[in-house]
Protein chains: 2
Amino acid sequence: MNNTYAAINNTFVAETEARLLISDLAIQRGYGIFDYLRTVNGQPAFLDDHLDRFYHSAAFMNLPVQADRAQLKQLIHGLMEKNNLPHSGIRLTLTGGYSENGYTPAQPNLLVTQAPFIFDKNAFSKGIRLVTHNFQRQLPQVKTIDYLQAIYLQPHIAEQQADDVLYHHNNSLRECPRANFFIVTANDEVLTPAHHVLKGITRKKILAFSGLKVKEADIQLADLANAREAFITSTTKEVLPVLNVDGRPVGNGTPGRITADIYERVLALRG
Amino acid sequence: MNNTYAAINNTFVAETEARLLISDLAIQRGYGIFDYLRTVNGQPAFLDDHLDRFYHSAAFMNLPVQADRAQLKQLIHGLMEKNNLPHSGIRLTLTGGYSENGYTPAQPNLLVTQAPFIFDKNAFSKGIRLVTHNFQRQLPQVKTIDYLQAIYLQPHIAEQQADDVLYHHNNSLRECPRANFFIVTANDEVLTPAHHVLKGITRKKILAFSGLKVKEADIQLADLANAREAFITSTTKEVLPVLNVDGRPVGNGTPGRITADIYERVLALRG
């Protein structure tokens, strides 16, 4: 992270000097939203999709963004130029600001950070194992900074020899903390939970794929027993096969044909 | 706030210079715990109760506290000496620390801040109005920094001309975001929700009062219709009568006799 710059509001600062006053409502009350996108070969991928969601999250949480879209793009490109990290992750964070009383939002602080990110092409063949947990994220449609439950569960996930947690709400499937979840049914339908989840950008791209029976649906925990394949999607993971949930294999327990097809198509999209 | 000092880990800094790096997991992922106590005439009230809860919250969330109890008391007293604010609120915050990957907790940052606080003796006679909302806080037994839902609801509370929100989970009463909730039944029983709420220090003191039929119970939203009185409790509010919930008066809509009695006893406790 040496010599990497970040932007705080309109100012570039060395990341090692990038600080917020502790009166910020993110620190006081966990109040903030963010988005995360990747640059590939020096190009931000799906920038407008991410900015759409960022501004939507901000508006939903009553946090005005001082920078309009053109200004924010300029800030992002300015940071990319300073940092010269062609393969990276860029995070936009908007906090509740320096609150006078530690509770009422003030003028939000806008943070833009960048870190090297190289996509791991070996992850697909290994796949992942999930452990389920009954939990409904609050305000799930918004990309808030709230990962309290997910981070709290990390030791439990490790104990269960799993790679991540899959939330369900009273047996109705939801998502992973940082990824959407899909199953492939015995009829080759590709289903992802319709409601009460974050609408991921990769999820959105897959829902628009032609030639596949892909759709949003209500999926129950019990449906996993009959699923032929399962996978998760996210900006950093692209598509990862889920081989095992709560110790039981999904399908034959190896990466599936339709998952592999979707993976190739997603990779091609990001360039 | 001029010339007020705060402590970050073991160092006193002017509050206007008290900052955390933006890699802190509170800013990145809303991960942290805190506690809040008052000083009255230069004396911390219920200090050991608050420290018990602070260390319990920290341990529950897998956040080691670098300072043991004696060291933390010394830090608090050192800050009190520097600030010379005899009537104040002191907040202890423990964050997830400067995370390398923005997700895995690191060595926590310990913040101690102090601000003048004068208890408002006029608030009792005015009482408060509440609006209900179906919501279960995550990890409710821990005093985390998560107030996402509460702050998100502020405009809604104002629209409903209420002073605060009362959470229920599928009609089972819980708490306010920063206060516990009690009702007084037609039989003069004083009841407070038993489970899935933060165990407030004022609540704990009231549960130990003699000469009252006070106990933890399951309370339904519908029980409000027959309640004779209702009140909330917290460190800053002590005891406040709830005169109205969702636009319907509680009892006769004025501060009740048992509530007033408990208020006087709580005031006497804090000295």
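From a predicted model like this one, the values you see are computed outputs, not experimental measurements.

Peer 1: Looking at this structure, I do not really get the relation of the copies chain B and chain A. What am I missing?
Peer 2: Copy one and copy two of the chain differ by a rotation about an axis and a translation along that axis. By a simple turn and slide, chain B fits onto chain A: the slide is 0.0 Å along the axis, the RMSD is 0.0 Å, and the turn is 180°. Here the transformation between the copies is reduced to the relation of a two-fold axis. Relative to the rotation axis, the C-alpha of Gly-30 of chain B is the closest in chain B, positioned 2.2 Å from it.

Peer 1: What is the right way to look at the sheet that holds strand β4 (residues 32-40) of chain B in this model?
Peer 2: Whenever strands of a sheet pair, they do so through backbone hydrogen bonds, lying parallel or antiparallel. All names here are of chain B. Sheet architecture is open: 6 strands sit in the order β2-β1-β7-β6-β4-β5, paired in antiparallel fashion. Both edges of this open sheet fall to β2 (11-14) and β5 (43-44), since each of them pairs with a single strand only. Relative to strand β7 (residues 110-116), strand β6 (residues 88-95) is paired through 7 bridges, and the arrangement is antiparallel. Paired with Ser-88 across the bridge in β7 is Pro-116. With respect to the sheet, helix α3 (residues 69-83) is in contact with β1 (5-8), β2, β4, β5, β6 and β7, its orientation differing from that of β7 by roughly 35°.

Peer 1: Help me understand the domain arrangement of chain A, please; the structure alone is not making it clear to me.
Peer 2: How big an interface is tends to be stated in terms of the accessible area lost upon association of its parts. Residues and elements named next belong to chain A. Under the domain assignment, chain A is made up of domain 1 (5-116) and domain 2 (123-270). The C-alpha centroid of domain 2 is placed 27 Å from the C-alpha centroid of domain 1. On the domain 2 side, the residues contacting the 22 residues of domain 1 number 18 residues. Interface area for domain 1 against domain 2, summed over the two sides, is near 1,800 Å², with a carbon-plus-sulfur share of 69%. Connecting domain 1 to domain 2 are 3 salt bridges. Ionic pairing is found between Glu-238 and Arg-38, a salt bridge with its closest N-O pair at 3.0 Å. At the junction of domain 1 with domain 2, the criterion picks out 8 residue pairs in polar contact (both at pLDDT 80 or more). Those elements that place two or more of their residues in the side of domain 1 that touches domain 2 are β4 (32-40), α2 (47-60) and β6 (88-95). A total of 8 residues in the side of domain 1 that touches domain 2 trace back to one element, the largest contributor, which is β4. For the side of domain 1 that touches domain 2, the per-class residue count stands at 11 nonpolar, 6 polar and 5 charged.

Peer 1: Explain the interface of chain B and chain A here, please?
Peer 2: The partner chain A presents 46 residues to the 46 residues of chain B that form the contact. When the two sides are added together, the surface that chain B and chain A hide from each other amounts to roughly 4,000 Å², 63% of it contributed by carbon and sulfur. In terms of surface lost to chain A, no three residues of chain B exceed Ile-22, Tyr-103 and Leu-148 of chain B, which account for 20% of the buried area on that side. At the surface where chain B touches chain A, the tally comes to 0 salt bridges. At the junction of chain B and chain A, the tally comes to 12 residue pairs in polar contact (both at pLDDT 80 or more). Going through the elements one at a time, β1, β3 (19-21), α1 (25-29), β4, β6, β7, α5 (148-152) and α6 (154-159) of chain B are the ones with two or more residues in the side of chain B that touches chain A. In the side of chain B that touches chain A, the residues fall into 27 nonpolar, 11 polar and 8 charged.

Peer 1: Explanation requested: the nonpolar core in the structure shown.
Peer 2: In a soluble, globular protein the nonpolar side chains are often hidden away together inside. Counting residues in each nonpolar core, the largest one holds 95 residues, and the members touching the most others are Phe-54, Leu-72, Ile-76 and Leu-92 of chain A together with Leu-72, Ile-76 and Leu-92 of chain B. Not counting chain neighbours up to four residues away, the residues in contact with Ile-76 of chain B comprise Leu-47, Leu-51, Ile-90, Leu-92 and Val-112 of chain B. Judged by nonpolar contacts, the second largest core, of 21 residues, contains Ile-183, Leu-191, Ile-232 and Leu-240 of chain A.

Reading guide: rules and limits
- Residues numbered from 1 in each chain as written.
- Chains lettered and ligands numbered in written order.
- Predicted model: local features only at pLDDT ≥ 70, side-chain atom pairs only at ≥ 80, totals over all residues.
- Heavy atoms only, no water.
- Least-squares fit on C-alpha atoms with pLDDT ≥ 70 in both.
- Pairing = 2+ DSSP bridges.
- Helix = DSSP H or I, 4+ residues; strand = E, 2+ residues; numbered from the N terminus.
- Contact = heavy atoms within 4.5 Å.
- Axes fitted to C-alpha atoms, helices over the stretch in contact; angles between N-to-C directions.
- Domains from an automatic or database assignment.
- Buried area = accessible area lost by both parts, 1.4 Å probe.
- Salt bridge = Lys/Arg side-chain N within 4 Å of Asp/Glu carboxyl O.
- Polar contact = N/O pair within 3.5 Å; in protein donor to acceptor, adjacent residues only side chain to side chain.
- Nonpolar A, V, L, I, M, F, W, Y, C, P; charged D, E, K, R; others polar.
- Core = buried A, V, L, I, M, F, W, Y, C linked by side-chain atoms within 4.5 Å.
- Buried < 20%, exposed > 50% of the residue type's maximum accessible area, 1.4 Å probe, protein only.

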